[in-house]
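Descriptive analysis of the structure
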Amino acid sequence: MTSVPPSRSFAADLGDRPEVVSEVNSYRDVAALDRVWNRLESRRRRSSGPRPWIQAVAAAALLCSGVFVGMEFERNRVGPSPTATVASEVIRTQNAPTGRVTDPRSSRVGPQRAKQIEETNEKRARRSERRVARLLPPDGLTEAPQTEIPAEVQAGIVEVVVDASPARPEWVLLSERGEYAAAFQRLDEAGGFDGVLANGSSEELMALADVARFVGRQGRAIQALRAVTDRFQGDPNAPLAAMIIGNLLSKAGDAQGAAEAYALNRRLSPGGDFAEDALVREFDMAIADGDLARVERLRAQYEAEFPEGRHLSDMRAEEARLLELSESEATESEAGTEISAPVEARSNKVRSDAPTVDDSSASAESGSP
Amino acid sequence: VALAEKLPESARVLRLVPAAEASPIEAAHPRAGDDLSGRDDAELVTLARAGQSSAFEALYRRHSPYALALAVRVQGNATDVEDIVHDTFLKVHDRLEDLRDGSSFRGWLSSVVVSLVRTRLRRRRFFGVFGLGGDDGLDLEVLVSPDASPEVRVQLAQIYTTLQSATVEQSICWTLRFIEGRKLEDVAEIAGCSLATAKRRIASVQELLLTSQAVLGTEAGAERVGSET
């Protein structure tokens, strides 16, 4: 088996040991050996611990318990009471009879859009209810700490909140429930009618006008509405307030004042949903006054702004009739009473067709009895 | 017999031995902190098998310098020797049950060290073929005694250079035989080969050294080479 040739066979130990190999050093490195031992020790400790799958299960259990504790803590920290209060208030506000009148968007949109908004708001309210229900503990709503509303809930309800501040006056809440007489009596607690008139917000002034109208104080109502149009011209309630002023003055027989109010509505909200109706009402007021020049101007304006308007033919007929009467008046001295009847008839027709906020519709919308 | 009858049933399987023959309990189960350095390898292996970590540490403290030096001498440098020692004792710890005779711990440890060095050298040479790494070269600073003369350093460098031209197995056998001073039987056991194979490998390296005329005494080497040719 040996590969060494017989002629070259060495001694039994396969030859001489080179002398120089005795000089080979014996390498020593105590620090390296200590490091190696530390590595061995750490590895031994790891291997003597629980098995890897037990460690994984324990870690997962620890993570789940941490998440659970965190959720419980967050649920307790959020506190359901203010959320429930605000959310329910929002929902109640939307469902209240006066909701459409106090909703700022209702003055800018048509009936179809208003219906869509109402449906959307109902859906949002239901979502908010569900969110609130998820956040609520099973009991003890009133004992929950008073803290901020979580962002998640705010995102869901912020658009439907009209005025959900917890410090709302009692009379406002009563008016939104349709209890106008009681609201009027409670006005004194809030500084009286004049106090609210001087310092109230646009929403409060609109509510104040509702209260005054439904207790028969039309003048006071107009005062409140005037305050809205004067002090809050950029507010979405201002065009609605101008429209209601026009209706109240028209009903009171102040055609000039009503026409000015309708004109104000169109100025405040040129492209608004009430613009066409306000223009037609202003035209009616001009017909009632027998102001042919204003009639022609308003008819031309209507024709330009609403070329497909449904009142255009009636307006042309009224204008032609007024023109004819004016011409005949020139020849006959008495013509003023002859135009009143047909104008009044068309005017009533316009009111009934309009999508609006006259007294009767406002009453229905505001939930008045 | 009377005593055995008085014992409970579960204790009757115990073998009763005279007190003089009984080994003290402390010997079998030393307390933590006991000095184990005086015990021989066989006892330490037994204790380490029983889970006594201090016994294994004692084995490590006793034999790790040798393992480290062996790895350096066989390899020719100190590259990665820390990892080799670590892996050696890790393997020893895991396979301690396989050691039949505790007194031969050092030989067994040597074979593990040599096996790991051989694996590493083979890997380095394999990757060296593709230009990826290759041999680490000699490190005379760790190999040669600081007191050695320059001539000796040169001769040792020539020896290790010649070893690098041999196969890994040949250089290991030669190193174990002539540098470590092991018997041929030990060389064969540590190298994991038969005695004949160990002899053949050593002879091959010797022939290389003679041919290179580097060592073995220049005159004798030259005579032998000349007579063979």
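Note that this is a predicted model, so its numbers are computed, not measured. (Residues numbered from 1 in each chain as written. Chains lettered and ligands numbered in written order. Predicted model: local features only at pLDDT ≥ 70, side-chain atom pairs only at ≥ 80, totals over all residues. Heavy atoms only, no water.)

1. A few points about a nonpolar patch on the surface
Residues and elements named next belong to chain B. A cluster of nonpolar side chains, namely Phe126, Phe127, Val129, Phe130 and Leu132, defines an oily patch on the protein surface of about 550 Å² accessible area. Looking at where Leu132 falls in the secondary structure, it is placed in the loop between α6 (105-129) and α7 (140-143). Judged by relative accessible area, which is 52%, Leu132 ranks as exposed. (Patch = residues over 30% accessible without salt bridge, like charges linked within 9 Å, V, L, I, M, F, W, Y side chains within 5 Å. Areas by Shrake-Rupley, 256 points an atom, 1.4 Å probe, with all protein chains shown as cover. Salt bridge = Lys/Arg side-chain N within 4 Å of Asp/Glu carboxyl O. Helix = DSSP H or I, 4+ residues; strand = E, 2+ residues; numbered from the N terminus. Buried < 20%, exposed > 50% of the residue type's maximum accessible area, 1.4 Å probe, protein only.)

2. Some details on the packing of helix α10 (residues 184-191) of chain B against helix α11 (residues 195-212) of chain B
Residue and element names in this part refer to chain B. As a packed pair, α10 and α11 sit with axes 8 Å apart at the nearest point and diverge in direction by 100°. It follows that α10 is roughly perpendicular to α11 by the angle criterion. Taken together, the residues of α11 that come into contact with α10 (itself represented by Leu184, Glu185, Val187 and Ala188) are Leu195, Ala198, Lys199 and Ile202. In terms of residue class, the contact of α10 with α11 is made up of six nonpolar, no polar and two charged. (Axes fitted to C-alpha atoms, helices over the stretch in contact; angles between N-to-C directions. Parallel < 35°, antiparallel > 145°, perpendicular 65-115°, else oblique. Contact = heavy atoms within 4.5 Å. Nonpolar A, V, L, I, M, F, W, Y, C, P; charged D, E, K, R; others polar.)

3. A short note on the environment of Ile202(B)
Mapped onto the elements, Ile202(B) comes out in helix α11. When the C-alpha atoms of Ile202(B) and Leu184(B) are compared, they prove to be 9.6 Å apart, with 18 residues separating the residues in sequence.

4. Some remarks on the packing of aromatic side chains
According to the stated counting rule, one finds 10 aromatic pairs over all chains in the structure shown. Note on Phe56(B) and Phe89(B): the rings are 6.3 Å apart at their centroids and 80° apart in plane angle, and the pair reads as edge-to-face. Separated by 33 residues along the polypeptide, Phe56(B) in helix α4 (residues 53-75) and Phe89(B) in helix α5 (residues 81-94) bring together distant segments of the chain. In terms of burial, Phe56(B) and Phe89(B) fall into one category: buried. A ring pair is formed by Trp174(B) and Phe178(B), whose centres lie 5.2 Å apart and whose planes are at 55°; its orientation type is tilted. You can see Trp174(B) and its partner Phe178(B) sitting in helix α9 (residues 168-179), four residues apart, about one turn around the helix. Taking relative accessible area as the criterion, Trp174(B) reaches 0% and is therefore assigned buried. Three or more aromatic residues joined by ring pairs make a cluster, and in this case those are Trp37(A), Phe56(B), Tyr60(B) and Phe89(B). Here Arg106(B) stacks its cationic end above the ring of Tyr66(B), 4.3 Å away from the centre of that ring. Its guanidinium or amino end placed over the ring of Phe178(B), Arg177(B) lies 5.5 Å from that ring's centre, counting from NZ or CZ. (Phe/Tyr/Trp six-rings, centres within 6.5 Å; stacked < 30°, edge-to-face > 60°. Lys NZ or Arg CZ within 6 Å of the ring centre and 35° of its normal.)

5. Quick notes on the side chain of Ser111(B)
With respect to the secondary-structure elements, Ser111(B) resides in helix α6. Apart from the residues within four sequence positions on either side, Ser111(B) is in contact with Glu189(B) and Ile190(B).

6. Section: the interface of chain A and chain B
Across the contact, 32 residues belong to chain A and 47 residues belong to chain B. Here chain A meets chain B over a buried area of about 3700 Å², counting both sides, of which 65% is carbon and sulfur. Our count for the contact surface shared by chain A and chain B stands at three salt bridges. Between Glu82(B) and Arg35(A) there is a salt bridge, and its shortest N-O distance comes to 2.7 Å. At the junction of chain A and chain B, the tally comes to five residue pairs in polar contact (both at pLDDT 80 or more). Its residues placed into classes, the side of chain A that touches chain B shows 15 nonpolar, five polar and 12 charged. (Buried area = accessible area lost by both parts, 1.4 Å probe. Polar contact = N/O pair within 3.5 Å; in protein donor to acceptor, adjacent residues only side chain to side chain.)

7. Digging into the confidence of the model for chain A
Detail in the predicted coordinates should be disregarded across regions flagged by low pLDDT. All names here are of chain A. Put simply, chain A has an average pLDDT of 71, and 63% of its residues get 70 or more. The spread of mean pLDDT over the elements of chain A runs between helix α18 (residues 359-366), the lowest at 40, and helix α11 (residues 218-231), the highest at 88. Scored below 50 in pLDDT, residues 1-13 makes 17 contacts in the model with residues more than four places away or belonging to other chains. Low pLDDT (under 50) marks residues 93-108, which in the prediction has 45 contacts with non-local residues, meaning those over four places away or in another chain. (pLDDT = per-residue confidence, 0-100.)

8. Examining the confidence of the model for chain B
Residue and element names in this part refer to chain B. With 76% of its residues at a pLDDT of 70 or more, chain B shows a mean pLDDT of 79. No element of chain B has a lower mean pLDDT than helix α2 (residues 25-28), at 46, and none a higher one than α5, at 92. Note on residues 24-29: pLDDT is under 50 here. Beyond four places in sequence and across chains, it has five contacts. When the criterion is pLDDT under 50, residues 219-229 qualifies, and its contacts beyond four places in sequence or with other chains add up to eight contacts. Complex prediction metrics read pTM 0.41 and ipTM 0.72.

9. Concerning empty space enclosed by the protein
Residue and element names in this part refer to chain B. Evaluation of the coordinates by the stated rule reveals two cavities of 30 Å³ or more. Val74, Gln75, Leu121, Arg125 and Gln164 are the residues nearest the centre of the largest cavity, which is lined by 16 residues in total. Elements represented by at least two residues in the lining of the largest cavity include exactly α4, α6, α8 (150-165) and α9. Per-element tally for the lining of the largest cavity: the top contributor is α6, with four residues. (1 Å grid on protein atoms, 1.4 Å probe; cavity = no way out; pocket = protein on both sides within 12 Å on 5 of 7 lines; lining within 4 Å. Points joined across faces, edges and corners; volume = space filled by probe spheres on them.)

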